[in-house]
Amino acid sequence: MTVNHPRSGAPCKISPRGASMIMRKVRDTPRTTRQDLVNDLKRAGTTVSKKTISNTLRRHGLKSCSAREVPVLKPVHVQARLKFANDHLDDPEEEWEKVMWSDETKIELFGLNSTRRVWRKKKDEYNPKNTIPTVKHGGGNIILCGCFSAKGTGRLHHIEGRMDGAMYREILANNLLPSVRALKMGRGWVFQHDNDPKHTARATKEWLHKKHLKVLEWPSQSPNLNPIENLWRELKVRIAQQQPRNLKDLEKMKQRKTEVLFGWVLAFWLSSVVNSEITDKVELRTSAEVKAQCDQNVALQCDIISSRPLKIILFSWVDSREMKELCVVNATGVFPSPGVLCDNTNNSLTLTLTQVMPSSQSNYVCKLRSNLSITAASTTVTLQECLRTSEHKVFQNESQVECQFFGVYPEGTVHWFLGSENITESASTESQQDEEGLFDIRSTLPTQAGTEPYNCSLWIPSSGTYSSHKLLPYSRGEDRISSGTRTRSRLMWVFILVGLILIT
């Protein structure tokens, strides 16, 4: 019988004294690199790798992290931030719900790439799909001004040109005040903006006083105290994922999608920070995946499961690919987009997609904003095979046979058989995709020697099945004589017979 005795393992290459030395160095200078520590130990007579340094630091509870970016603070700024924290330390949540937060941000064309790591082979490092475009000064930008509160997002304004105090006051009049009314902030709401000179100008203060707006006292150099900064970050990530190619694309995205993104990025962000006791009480239930039939209607149902009564502020279905709201339910009614049907009954919202096509395949997100929570659930719609059998066509002449299939999905290939012999290699096939995502397939084959009919079959590789078959009669070589030649031959025999009769 073999008994394994406890073993101490390989001895540490770094002695306890060496470990203490590198720990002291890292505490004093956190930006010290692993190579610096390798060099320090080498001078002390110990040779180790950077991996050994990492393991030693990890055993002592340290790991490499990205340094946080913070504003440069003077002592007066520190005191102001501390005073702000102490003044509002005991404020109830209801007070913060009355605050309308605001800020401006710059979105650069190539300023942010949410994904910086790619899967590639060594030789594909400069493939455009595997690179991150960089240009000087971000390649152009747009500047946005927005606001939000616990009740939702306000209007998003595109700032054109250089903003001065007069433009800022005009933005407040045309965007802030309508947003407050739309969100029904009620009496006693508080406006927050930072200490930018345009915000603290005398004319701006007089305008705010004239409109009887209460302004939250804000410490200077404190952008990280404003929760809208988290929203701007998420917005830039979502826009970067859309991969705008130029400033024109970025401008179009701003016009068509940014307000939707702004609103629902807020929803997802808030859903991660609200109290878990409240969030757990509201749930949306949908089917994870729906397999649809071509040209049929598909119903996507979203049910609200809540442990207590709730008030619906906004209930909707959104096509995540197009970032388009298809069904919207709010206090004023139900609003469907063209081409879909919406039904809202008993805390359930049903979206019906009519006559689905491959272009309808997407991830559809059901979103709920209520007085209790903000939550979302999604359903993926995938399409099974499409085949418009009524539109199949076959052609045949003396030199070739041709087979066509229309309205095919997914894309298939045509297989040719002459009896049991596969003669597909002799055929030429081409396909074309239409706006609905369906394929039209055309295949031609030179006539082959034989006596059996041709079999033209549509093969769908994704399902491994033949979806359609067409039999074409074979034209034998002796049958390729034209009908005119046959007629003349018959007439000639008739004349010969008549002549023989007359002679006799």
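Just so it is clear, the structure is predicted and the values come from calculations on it, not from any experiment.

Asker: Break down the packing of aromatic side chains for me, with residues and values.
Answerer: All chains considered together, the criterion is met by three aromatic pairs. A centroid spacing of 5.4 Å and a plane angle of 70° characterise the contact between Phe84 and Trp218, whose relative ring orientation is edge-to-face. In this pair, Phe84 sits in helix α4 (residues 75–87) while Trp218 sits in the loop between β6 (214–215) and α9 (228–241), placing the two residues 134 residues apart along the sequence. For Phe84, a relative accessible area of 13% translates into the label buried. With a relative accessible area of 8%, Trp218 lands in the buried category. Pairing Trp101 with Trp218 gives two aromatic rings, centres 6.1 Å apart and planes at 75°, and the pair type is edge-to-face. Linking Trp101 in strand β1 (residues 99–108) with Trp218 in the loop between β6 and α9, this pair joins segments that are 117 residues apart in sequence.

Asker: Any chance you could break down the sheet that holds strand β14 (residues 348–353) for me, citing the residues and the numbers?
Answerer: Read from one edge of the open sheet, four strands run β7-β9-β14-β13, paired in antiparallel fashion. Of all strands in the sheet, those with a lone pairing partner are β7 (282–285) and β13 (340–345), marking the two edges. Between one strand and the next, the sheet's axes are offset by a mean angle of 15°, whatever the strand orientation. The pairing of β13 with β14 spans six bridges and is classified as antiparallel. Bridged to Leu341 within β14 is Thr352.

Asker: Quick one: what's the story with unusual backbone geometry, residue by residue and with numbers?
Answerer: The linkage connecting Tyr409 with the following residue, Pro410, adopts the cis geometry, with an omega of -10°. With respect to the helices and strands, the residue Pro410 is situated in the loop between β18 (400–408) and β19 (413–418). Backbone geometry places Asp295, a non-glycine residue, at a positive phi of 70°. Within the fold, Asp295 resides in the loop between β8 (289–292) and β9 (298–306). A positive phi angle is found at Gln355, which is not glycine, with a value near 50°. Looking at the element boundaries, Gln355 is found in the loop between β14 and β15 (362–370).

Reading guide: rules and limits
Residues numbered from 1 in each chain as written. Predicted model: local features only at pLDDT ≥ 70, side-chain atom pairs only at ≥ 80, totals over all residues. Heavy atoms only, no water. Phe/Tyr/Trp six-rings, centres within 6.5 Å; stacked < 30°, edge-to-face > 60°. Helix = DSSP H or I, 4+ residues; strand = E, 2+ residues; numbered from the N terminus. Buried < 20%, exposed > 50% of the residue type's maximum accessible area, 1.4 Å probe, protein only. Pairing = 2+ DSSP bridges. Axes fitted to C-alpha atoms, helices over the stretch in contact; angles between N-to-C directions.

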